[in-house]
Amino acid sequence: MAGIDVYFDKVGGESLKAALTALRVHGRIIACGGISSYNDEKPKPGPANLFNMTTKRLTMKGMIVGDWLDRQRQFEIEGRHSLPSRQTEEYGNRGGRN
């Protein structure tokens, strides 16, 4: 079955709305931002399709970078060396950062 298993949300708004439609049953959402509304003077209503959280039995968890500061040193040791090669392997050099 086509669809998304995991969605990492940094934008919110229309992007989250689209993901709620595309997520598969038991999909997961990691929410770490909402840049689409950072400069809004008044909060916008939530996505009209939020009930998909129930019908698809989705899980959504919020996080901020401060939650992981205790692992910063580990990332510096492991992440610097493995992340660029993984990106190149999995995504190819498409003009983005490697």
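Quick look at the structure, then.

Procedures and definitions
Residues numbered from 1 in each chain as written. Predicted model: local features only at pLDDT ≥ 70, side-chain atom pairs only at ≥ 80, totals over all residues. Heavy atoms only, no water. Helix = DSSP H or I, 4+ residues; strand = E, 2+ residues; numbered from the N terminus. Buried < 20%, exposed > 50% of the residue type's maximum accessible area, 1.4 Å probe, protein only. Lys, Arg positive; Asp, Glu negative; His and termini not counted. Salt bridge = Lys/Arg side-chain N within 4 Å of Asp/Glu carboxyl O. Polar contact = N/O pair within 3.5 Å; in protein donor to acceptor, adjacent residues only side chain to side chain. Contact = heavy atoms within 4.5 Å. Pairing = 2+ DSSP bridges. Axes fitted to C-alpha atoms, helices over the stretch in contact; angles between N-to-C directions.

Of note, K56 is situated in the loop between α2 (52-55) and β3 (59-62). Among buried Asp, Glu, Lys and Arg side chains, K56 stands out as unpaired, with D5 the closest opposite charge at 10 Å. Among the polar contacts listed, one links the side chain of K56 to the backbone oxygen of L20, at a separation of 3.2 Å. Contact partners of K56, with chain neighbours within four places excluded, come to L20, T21, A22, L23, R24, V25 and H26.

Now for the sheet that holds β3. With parallel pairing, 3 strands are arranged side by side in an open sheet as β1-β2-β3. The sheet is open, and its two edges are formed by β1 (4-9) and β3, each paired on a single side. For this sheet, the mean inter-axis angle between neighbouring strands, taken without regard to orientation, is 10°. Pairing between β1 and strand β2 (residues 23-31): 5 bridges, direction parallel. Looking at the pairing, Y7 lines up with I29 of β2. Docked against the sheet, helix α1 (residues 13-22) engages β1, β2 and β3, running at close to 150° with respect to β2.

Turning our eyes to something else, we now look at the environment of L20. Relative to the elements of secondary structure, L20 occurs in helix α1. Residue classification places L20 among the buried positions, given a relative accessible area of 1%. Note: C-alpha distance between L20 and M53 (33 residues apart in sequence) is 7.4 Å. Beyond its immediate sequence surroundings of up to four residues, L20 is in contact with I29, P47, N49, L50, N52, M53, K56 and L58.

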